[in-house]
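Summary of structural features
Single-letter residue listing:
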Amino acid sequence: MRAQGKTIAVTGGGNGIGREAVLQLLSKGARVAALDISDEGLAETARLAGANAERLSTHVVNITDRAAVEALPSAITDRHGQIDGLMNVAGIIQPFVLFNDLDYSAIERVIDVNLWGTIHTTKTFLPHLLDRPEAHIVNVSSMGGFLPVPGQTIYGVSKAGVKLLTEALHSELAATNVGVTVVFPGAIKTNISVNSGVVTQAEAEKQAASSNYKTTEPAVAAQMIIDGMEQNAYRVRIGSDATFMDRFSRLSPKRAAALIYKQMKDLLPS
Ligand SMILES: NC(=O)c1ccc[n+]([C@@H]2O[C@H](COP(=O)([O-])OP(=O)(O)OC[C@H]3O[C@@H](n4cnc5c(N)ncnc54)[C@H](O)[C@@H]3O)[C@@H](O)[C@H]2O)c1
C-alpha cells in the first residue's frame, strides 16, 4: 500500500523507530495518527514534523489499556476521515537478567506492552481496515523473536508471539484488501533501554561507548519498514545482524543460539 494520501496509525510514535516512521510517512504525503504513552515524546515528534504537522494527530495512550485503545478509531476518523494502516512499533525490553531472576511484575509488563498491546490495537483497528479499498498492518517483532537471546528471554517470548500473530494474520487476510508485514530489526540505535526503564541514561551511554556492536540508525529502520509496507513484503529484516542470524538460525538453530549466547554472556549478571 502506498503511503501517499493514506491515514496510518503508528504506535510508539513518540520516540525511536516509531517517531522516524511518523516523520517519513508525513514526508511521503500520508496523514498520520501517532500513538504513544509519552506526552513529551509525541510533542517532540510534532515539533520535528514542522509544517507537515497539519496532517498529524497525536494521541496519548497506553496500549495495554484495552478500553483506551478502543476509543482511538473514532478519534482518528473524526480528525482524518479514515484509517488505512496500522504500524505497531511501540515496545519495551526487559531488565538484562536471567529468567530465574526476573520477577513477575517485569514479566507481565513486557508481555502486556509487546504482545497484549499489539493484540489490542490489531483487534481494534482491523474491522476499520477491512472496510477500506486497500489497507495494511505492519507489526514490529525482533531478531529476539526468532532467536533465543539470553537475558531477554521474556522479551523474546513476547516478540515470538508478535511474529506468529502477524504471520497467521497474513494467511487469514490473504484473500482480503489488508496486506500484512512482519518486521525483524536487529540492534537499532535508539534509547530503548532507558525508555524501558531497565538502565539509566548514564549507564546506557557507558555501554554504548564500550560496545563495538554495529547498530542501524532508526531513520534507516523506518525507511525499510515503510518500503516493506509499500512493497507488500511478507517479512522485513533490518540490519546485517538480523539478516545473518535469520539465515543461520534456520540453517543451524543450535549453533545460532550458541553464537548469540557467546556474544551476550558478558552482559549478563554472573
Ligand atoms: N532498538 C532496538 O535495538 C530494537 C531491536 C529489535 C526490535 N525493536 C523493536 O522496535 C520497536 C521500537 O523500538 P525503539 O528502539 O524505537 O524504542 P523506543 O524506546 O525508542 O520507542 C518505543 C516507544 O514505545 C512507546 N511505548 C512504550 N510502552 C508503551 C505503551 N504501553 N503504550 C504506548 N506506547 C508505549 C515509548 O514511549 C516509546 O516512545 C519496539 O517494539 C522494539 O521492541 C527494537
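Residues numbered from 1 in each chain as written. Predicted model: local features only at pLDDT ≥ 70, side-chain atom pairs only at ≥ 80, totals over all residues. Heavy atoms only, no water.

1. Regarding the overall build of the protein chain
Secondary structure assignment for the protein chain yields 11 helices and seven strands. In summary, the protein chain has a C-alpha radius of gyration of 18 Å against a globular reference of 18 Å for 270 residues, a match within 12%. When its C-alpha atoms are laid out on the principal axes, the protein chain stretches across 55 × 40 × 30 Å. Burial analysis of the protein chain (270 residues in total) assigns 50% to the buried set. Across the protein chain, the fraction of contacts at a sequence separation of at least 24, relative to all contacts at a separation of at least 6, is 72%. Here the protein chain has roughly 12900 Å² of accessible surface; of this, 53% comes from carbon and sulfur atoms. Distance between charge centres in the protein chain, computed from 25 positive and 26 negative side chains, equals 8 Å. (Helix = DSSP H or I, 4+ residues; strand = E, 2+ residues; numbered from the N terminus. Rg over C-alpha atoms; globule rule 2.2 N^0.38 Å. Buried < 20%, exposed > 50% of the residue type's maximum accessible area, 1.4 Å probe, protein only. Contact = heavy atoms within 4.5 Å. Areas by Shrake-Rupley, 256 points an atom, 1.4 Å probe, with all protein chains shown as cover. Lys, Arg positive; Asp, Glu negative; His and termini not counted. Charge placed at Lys NZ, Arg CZ, Asp CG, Glu CD.)

2. Structural notes on the packing of helix H1 (residues 16–27) against helix H9 (residues 218–230)
The geometry of a pair of packed helices is captured by two quantities: the angle between their axes and the separation between those axes. At a minimum axis distance of 8 Å, the contact between H1 and H9 shows a crossing angle of 60°. For the element pair H1 / H9, the angle class is oblique. Where H1 crosses over H9, the two elements pack in a sense that is right-handed. In contact with Gly16, Ile17, Glu20, Ala21, Gln24 and Leu25 of H1, H9 contributes Pro218, Ala219, Ala221, Ala222, Gln223, Ile225, Ile226 and Met229. (Axes fitted to C-alpha atoms, helices over the stretch in contact; angles between N-to-C directions. Parallel < 35°, antiparallel > 145°, perpendicular 65-115°, else oblique. Left-handed = near helix turned anticlockwise from the far one by under 90°.)

3. Here's the deal with the nonpolar core
In terms of nonpolar packing, the biggest core is built from 30 residues, with Ile8, Val10, Leu25, Val32, Met87, Ile225 and Met229 touching the most fellow members. Elements supplying a minimum of two residues to this core: strand E1 (7–11), H1, strand E2 (31–36), helix H2 (39–49), strand E5 (135–140), H9 and strand E7 (235–238). Top contributing element to this core by residue count: H1, with six residues. Sequence-distant contacts of methionine 87, defined by excluding residues within four places in its chain, comprise Ile8, Ala9, Val10, Thr11, Ala21, Leu25, Val138, Ile225, Ile226 and Met229. Ala33, Phe125, Leu129 and Val178 belong to the second-largest nonpolar core, a separate cluster that totals 29 residues. (Core = buried A, V, L, I, M, F, W, Y, C linked by side-chain atoms within 4.5 Å.)

4. Remarks on the site of the ligand
Near the ligand you find 28 residues, and of these Ile17, Asp36, Tyr155, Lys159 and Thr190 are the closest. Glycine 16 has a polar backbone atom sitting 3.4 Å from an oxygen atom of the ligand. A distance of 2.6 Å separates an oxygen atom of the ligand from a polar side-chain atom of aspartate 36. Considering the ligand on its own, with 820 Å² of exposed area, one finds that the protein chains cover 93% of that surface. Where the shell around the ligand is concerned, the elements lending two or more residues are H1, helix H6 (153–172) and helix H7 (192–195). (Near = heavy atom within 4 Å. Polar contact = N/O pair within 3.5 Å; in protein donor to acceptor, adjacent residues only side chain to side chain.)

5. Section: the sheet that holds E5
Judged by pairing direction, the sheet is parallel, and its seven strands sit side by side in the order E3-E2-E1-E4-E5-E6-E7 without closing on themselves. Looking along the sheet, the strands with just one partner apiece sit at the ends: strand E3 (56–60) and E7. Taking each pair of neighbouring strands and ignoring which way they run, the sheet shows an average axis angle of 15°. With four bridges joining them, strand E6 (residues 178–185) and E7 adopt parallel strand pairing. Looking across to E7, one finds that valine 182 is bridged to arginine 235. The strands touched by H1 within the sheet are E1, E2, E3 and strand E4 (85–88), with E1 carrying the most contacts at an inclination of about 165°. Contacts from H9 reach E1, E4, E5, E6 and E7 within the one sheet, and its direction differs from that of E7 by about 165°. (Pairing = 2+ DSSP bridges.)

6. Some words on the side chain of aspartate 84
Tracing the backbone through its elements, the reader meets aspartate 84 in the loop between helix H4 (72–80) and E4. In terms of polar contacts, aspartate 84 uses its side chain to reach the backbone amide nitrogen of threonine 7, at 2.7 Å. Within the structure, aspartate 84 has its side chain in polar contact with the side chain of arginine 132 (distance 2.7 Å). The residues touching aspartate 84, leaving out its near neighbours within four places in the chain, are Met1, Lys6, Thr7, Leu129, Arg132, Glu134, Ala135 and His136.

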